[in-house]
Amino acid sequence: MSVYDERPWLARYDPGQPADIEVEHPNALAMFAAAVRRSPDLTVIRYFDGRITVRELDELSDAFACALLDRGMRRGDRIGLFLQNVPQFLIALLAVWKAGCIAVAINPMNKERELRLLLKDSGARGLVCLEGLHESVARGVVADTDVELTITTSELEYQTRDDPRVLAAVQRLSCAGAEDMAALIESFRGKRPEQVELAPEDVAVLTYTSGTTGPPKGAMNTHRNVVFNAQTYRDWIGLDSGDVILGVAPLFHITGLIGHVALALLLPAPLVLTYRFEPSLTVDAIRDEQASFTVGSITVFIALMNAPDATRADLASLRKIYSGGAPIPPSTTRAFRDQFGQYIHNIYGLTETTSPSHGVPLHATAPVDETSGALSVGVPLYNTVVRIVGDDGEDLPPGEIGEVVTAGPQVVPGYWRKPEETASAMPGGALRTGDVGYMDDDGWFYLVDRKKDQINAAGYKVWPREVEDVLYEHGAIREAAVVGIPDPYRGETVKAFVSLRQGQQVEPGELVEFCRQRMAAYKYPREVEILDELPKTVTGKLLRRELRARGA
Ligand code: AMP
């Protein structure tokens, strides 16, 4: 059987790429070790005025790995990374691997309730976090978990070209019960941990996603998953050490983890970090650092279009732009090209596919589905077999709409300690994405709907059930239903419909505030509408579609 039997689109759509690539390294550490041998003096992190070379990153992570081991971390332990886009993310990630441990990528927007869930589910024994997050969130949480070692750090570190030790002068928050990362690195400087053998199927990172039911699930991105999709970015887009990666996606999310961090470690190439995305600052970074590649959610590019002083010249170097995580309105790609002369290429994947499974070739323009107006998410990438499956589980031919089912070396083997959820999401190893779409006769894929109730707010995923659970904690609520409604900037935003218990009275604004205090900023409902009764079928099932239509 030839690859064309299994992947018919390759016969019709030839982007000038091979069908398959080989995974070049057994694990992400071997991948980075190859970069250290090839280009030790290349700058791999640029953080404001700060510069870290490949060799320095290797040494810093060696020292930090020794510290983790000295403080009792053992092979296979999970260590949480609760950080913004700072250099310490890369130092800690490499150190976690060098200590033979597994990183848990945690959204820095998380509040106490969310952090507690992740630390408990992963059974993390260690936590590396920003001082500010320690004080505002983590401090009250770690005592309820298995975390024995908390290490804090400051975003002010590594910001200048001066010797980092000058930053001893940086004002520190005193974090009771936590050790300081810089001090630990300093005391283990020059030490190397014993080399660990990591197999391709060992878990490199747990990345959390939620679901229609139950608590968040940790997708187990293995070392093979990570290396393979770092290579996919490199080869599909034609990137090399001469490129400069602009880090606009959050590093804890799979897009940032693979399309920024793993890619920078593989090439190696400089990764430009700016702590958080801020449009004017990002425009300056693109121009000053001559960034050539980036991947981020479409709201990043909308924000750049609206940045007051962004010019065509500022973005002239940024010729390889990809956007994924949320639908891209075709009008936005046109407006962006008109304003800056650069084309935004669609790229599609999930946390469970370790970033992309589909993408638009660098030199192509994605077609648009005439009926739905959806911009194609691209064609399947290397080694990837994608089927469109009907409700009866049968494969559908080109042009027919069904669920996208993806198989390939980027698909995770499952969810951390959740065999049942794994079996239902990845039967036989192929991922049921919950995305609904079709493949056209030329092999382009389009997403036209979603099977899942997920709300996609600027690439951040919100599961109605989680917001509803929080609303139910409020004494006045009888029933709650949360849906996504259209939003001109975020694509979708969160709206809650509630009914009240008899005799109860509450203002919508009070409910918004109640949620805001208990969940990450992108999740809380921007609108709450109080109804006498929520619409239901005769069997009592909530009519979400009706609510969605009502909210639109
Ligand atoms: P996440 O696990 O956060 O990466 O979210 C994955 C989900 O984001 C997918 O199942 C899609 O619903 C959505 N998504 C990702 N990339 C795209 C894209 N390029 N266009 C439309 N939706 C996307």
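Each value, and the rule that gives it
- Residues numbered from 1 in each chain as written.
- Predicted model: local features only at pLDDT ≥ 70, side-chain atom pairs only at ≥ 80, totals over all residues.
- Heavy atoms only, no water.
- Helix = DSSP H or I, 4+ residues; strand = E, 2+ residues; numbered from the N terminus.
- Buried < 20%, exposed > 50% of the residue type's maximum accessible area, 1.4 Å probe, protein only.
- Areas by Shrake-Rupley, 256 points an atom, 1.4 Å probe, with all protein chains shown as cover.
- Lys, Arg positive; Asp, Glu negative; His and termini not counted.
- Charge placed at Lys NZ, Arg CZ, Asp CG, Glu CD.
- Phe/Tyr/Trp six-rings, centres within 6.5 Å; stacked < 30°, edge-to-face > 60°.
- Pairing = 2+ DSSP bridges.
- Right-handed = clockwise from strand over helix to strand, strands pointing away.
- Near = heavy atom within 4 Å.
- Polar contact = N/O pair within 3.5 Å; in protein donor to acceptor, adjacent residues only side chain to side chain.
- Nonpolar A, V, L, I, M, F, W, Y, C, P; charged D, E, K, R; others polar.
- Domains from an automatic or database assignment.
- Contact = heavy atoms within 4.5 Å.
- Buried area = accessible area lost by both parts, 1.4 Å probe.
- Salt bridge = Lys/Arg side-chain N within 4 Å of Asp/Glu carboxyl O.
- Axes fitted to C-alpha atoms, helices over the stretch in contact; angles between N-to-C directions.

### Comments concerning the overall build of the protein
And then number 1: A tally of helices and strands in the protein yields 17 helices and 25 strands.
And then number 2: Overall size of the protein, expressed as C-alpha extent along the three principal axes, is 70 × 65 × 50 Å.
And then number 3: The buried share among the 552 residues of the protein stands at 59%.
And then number 4: On the protein, roughly 22,000 Å² of surface is accessible, and the fraction owed to carbon and sulfur atoms is 48%.
And then number 5: For the protein, the centre of its 57 positive side-chain charges and the centre of its 75 negative side-chain charges are spaced 2 Å apart.

### Describing the packing of aromatic side chains
And then number 1: If you walk through the whole model with that rule in mind, you get 8 aromatic pairs.
And then number 2: With centroids separated by 6.0 Å and ring planes inclined at 85 degrees, the aromatic side chains of Trp9 and Phe445 adopt a geometry described as edge-to-face. Of this pair, Trp9 sits in helix H2 (residues 8-12) while Phe445 sits in strand E20 (residues 445-450), placing them 436 residues apart in sequence. Taken individually, Trp9 and Phe445 each receive the classification buried, so the pair is uniform in this respect.

### Observations concerning the pairing of strand E13 (residues 320-323)
And then number 1: Both faces of E13 are covered, namely the face carrying Lys320 and Tyr322 and the face carrying Ile321 and Ser323.
And then number 2: Strand direction decides the pairing type here: strand E12 (residues 293-296) and E13, joined by 4 bridges, are parallel. Considered in E13, the bridge of Gly296 is made with Ser323.
And then number 3: In this fold, the crossover linking E12 to E13 by way of helix H12 (residues 298-306) has right-handed handedness.
And then number 4: Relative to strand E14 (residues 344-350), E13 is paired through 3 bridges, and the arrangement is parallel. Bridge pairing in E14 links Tyr322 to His345.

### A word on the pairing of E12
And then number 1: Covered by surrounding structure in E12 are Phe293 and Val295 together with Thr294 and Gly296, the residues of both alternating faces.
And then number 2: Pairing analysis gives 2 bridges linking strand E10 (residues 245-246) to E12, with the strands arranged parallel. Bridge assignment links Leu246 to a residue of E12, and that residue is Thr294.

### Some thoughts on the site of the ligand
And then number 1: Close contacts around the ligand come from 18 residues, with Asn346, Ile347, Thr351, Asp435 and Lys452 the closest.
And then number 2: One of the side-chain nitrogen or oxygen atoms of His253 is found 2.9 Å away from an oxygen atom of the ligand.
And then number 3: Taking Asp435, its side chain carries an N or O atom lying 2.6 Å from an oxygen atom of the ligand.
And then number 4: Against a free-state accessible area of 500 Å², the protein chains account for coverage of 94% of the ligand.
And then number 5: Broken down by element, the shell around the ligand gets its largest block of residues, 5 residues, from E14.
And then number 6: Split by residue class, the shell around the ligand holds 7 nonpolar, 8 polar and 3 charged.

### Topic: the domain arrangement of the protein
And then number 1: Annotation of the protein at the domain level lists domain 1 (54-198) and domain 2 (456-551).
And then number 2: Here the C-alpha centre of domain 2 lies 36 Å away from the C-alpha centre of domain 1.
And then number 3: Each side of the interface is counted separately: domain 1 has 6 residues, and domain 2 has 12 residues.
And then number 4: Approximately 660 Å² of surface area, both sides summed, lies buried where domain 1 meets domain 2, with 45% of it carried by carbon and sulfur atoms.
And then number 5: Three residues stand out in domain 1 for area buried against domain 2, namely Met109, Lys111 and Arg113, and they jointly supply 71% of the buried area on that side.
And then number 6: In this assembly, domain 1 and domain 2 are joined by 2 salt bridges.
And then number 7: With its nearest N and O atoms 2.6 Å apart, the salt bridge here joins Glu114 to Lys523.
And then number 8: Remark: the boundary between domain 1 and domain 2 carries 7 residue pairs in polar contact (both at pLDDT 80 or more).
And then number 9: Residues that form the side of domain 1 that touches domain 2 fall into these classes: 1 nonpolar, 2 polar and 3 charged.

### Things to note about the pattern of salt bridges
And then number 1: Applying the stated criterion to the full structure yields 46 salt bridges.
And then number 2: Residues Arg545 and Asp449 are paired through a salt bridge, measuring 3.8 Å at the closest nitrogen-oxygen approach. With a gap of 96 residues between them, Arg545 in helix H17 (residues 544-551) and Asp449 in strand E20 connect regions that are remote in the sequence.
And then number 3: Judged by relative accessible area, which is 57%, Arg545 ranks as exposed.
And then number 4: Residue classification places Asp449 among the partly exposed residues on the basis of a relative accessible area of 39%.
And then number 5: For Arg550, the salt bridge goes to Glu529, with nearest N and O atoms at 3.3 Å. Highlighted residues: Arg550 in helix H17 and Glu529 in strand E25 (residues 527-530), separated in sequence by 21 residues.
And then number 6: On the basis of relative accessible area, Glu529 is assigned to the partly exposed category, the value being 24%.
And then number 7: Within the structure, one salt-bridge network assembled from shared partners comprises Asp58, Asp62, Lys98 and Arg192.

### Considering the environment of Asp453
And then number 1: Following the sequence through the fold, Asp453 ends up in the loop between E20 and strand E21 (455-457).
And then number 2: The exposure class of Asp453 is partly exposed, given its relative accessible area of 25%.
And then number 3: Residues Asp453 and Pro464, spaced 11 residues apart in sequence, show a C-alpha to C-alpha distance of 6.9 Å.

### Thoughts on the side chain of Asn110
And then number 1: Take Asn110: it is sitting in the loop between strand E4 (102-105) and helix H6 (112-122).
And then number 2: For Asn110, a relative accessible area of 5% gives the class buried.
And then number 3: Excluding anything up to four places from it in sequence, Asn110 contacts Phe82, Leu115, Leu118, Val137 and Ala520.

### Observations regarding the side chain of Ser210
And then number 1: Mapped onto the secondary structure, Ser210 falls in the loop between strand E8 (203-209) and strand E9 (217-222).
And then number 2: Setting aside chain neighbours within four positions, we find Ser210 in contact with Pro216, Lys217, Trp463 and Glu466.

### Section: the sheet that holds strand E17 (residues 385-389)
And then number 1: If you trace the 4 strands from one edge of the open sheet to the other, you get E17-E18-E19-E20, paired in antiparallel fashion. The two strands at the open ends of the sheet, each matched to only one other strand, are E17 and E20. Going from strand to strand, the sheet's axes swing by 50 degrees on average, the running direction of each strand aside.
And then number 2: Taken together, the 4 bridges between strand E18 (residues 402-407) and strand E19 (residues 431-439) define a ladder with antiparallel strand orientation.

### Quick notes on the sheet that holds strand E3 (residues 78-82)
And then number 1: The sheet built from 7 strands is open, its strands ordered E7-E6-E5-E3-E4-E8-E9 with mixed pairing. Of all strands in the sheet, those bounded by a partner on one side alone are strand E7 (179-180) and E9.
And then number 2: The pairing of strand E6 (residues 149-153) with E7 spans 2 bridges and is classified as parallel. Bridge assignment links Ile151 to a residue of E7, and that residue is Glu179.
And then number 3: Of the strands in this sheet, E3, E4, strand E5 (126-130), E6 and E8 touch helix H5 (residues 87-98), which is tilted by about 175 degrees from E3.

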